[in-house]
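So the chains spell out like this:
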Amino acid sequence: MKYKFILYAIVILLLSACTGNTLKYRDASLPVDLRVKDLLGRMTIEEKLAQMRDVHLSLFFKDNVLDTVMMDSALQGISYGVLFNSCIPAENLARCIADVKKYSAEKQLR
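What you are looking at is a predicted structure, and each value in this text was computed from that prediction instead of being measured. (Residues numbered from 1 in each chain as written. Predicted model: local features only at pLDDT ≥ 70, side-chain atom pairs only at ≥ 80, totals over all residues. Heavy atoms only, no water.)

Moving on, we get to the overall build of the protein. Looking only at helices and strands, the protein features five helices and four strands. Along the protein, helices (α) and strands (β) appear in the sequence α-α-α-β-β-β-α-β-α when read from the amino end. Burial status across the protein gives 16% buried among its 110 residues. Considering only contacts within the protein whose residues lie at least 6 apart along the sequence, 62% involve residues at least 24 apart. When the accessible surface of the protein is totalled, it reaches about 8900 Å², and 62% of it is carbon and sulfur. (Helix = DSSP H or I, 4+ residues; strand = E, 2+ residues; numbered from the N terminus. Buried < 20%, exposed > 50% of the residue type's maximum accessible area, 1.4 Å probe, protein only. Contact = heavy atoms within 4.5 Å. Areas by Shrake-Rupley, 256 points an atom, 1.4 Å probe, with all protein chains shown as cover.)

With that settled, consider the confidence of the model for the protein. When pLDDT is averaged along the protein, the result is 77, and 75% of the positions lie at 70 or above. Least confident of the elements in the protein is helix α1 (residues 2–18), whose mean pLDDT is 55; most confident is helix α2 (residues 32–42), at 92. (pLDDT = per-residue confidence, 0-100.)

This part takes up the environment of Arg26. By secondary structure assignment, the location of Arg26 is in the loop between α1 and α2. Since its relative accessible area comes to 59%, Arg26 is described here as exposed. Sequence separation between Arg26 and Leu39 is 13 residues; the distance between their C-alpha atoms is 8.7 Å.

Following this line, the structure appears as structure tokens:
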């Protein structure tokens, strides 16, 4: 029992040491201009250009189901500035956007 406690204490100390390395652009306590400068410095030219483009959300859906293969193929790992809706009915739009957000978040965690 004593060894388990020591092991848990070591793990907690290691984890807390690792989480102290917050990226500047994610640190809300820093000034916006410093955060923007840090983020732009990390982005590739392709990522910067992609922020000025839009992608049609309807490209990623077949029969109102997210086609992740098509999404990956179209985006090629680059985040675009705007997802534009041209064909998805309003009653399905919120769910479609939620599906894209969920898939994108899960992909980032991999």
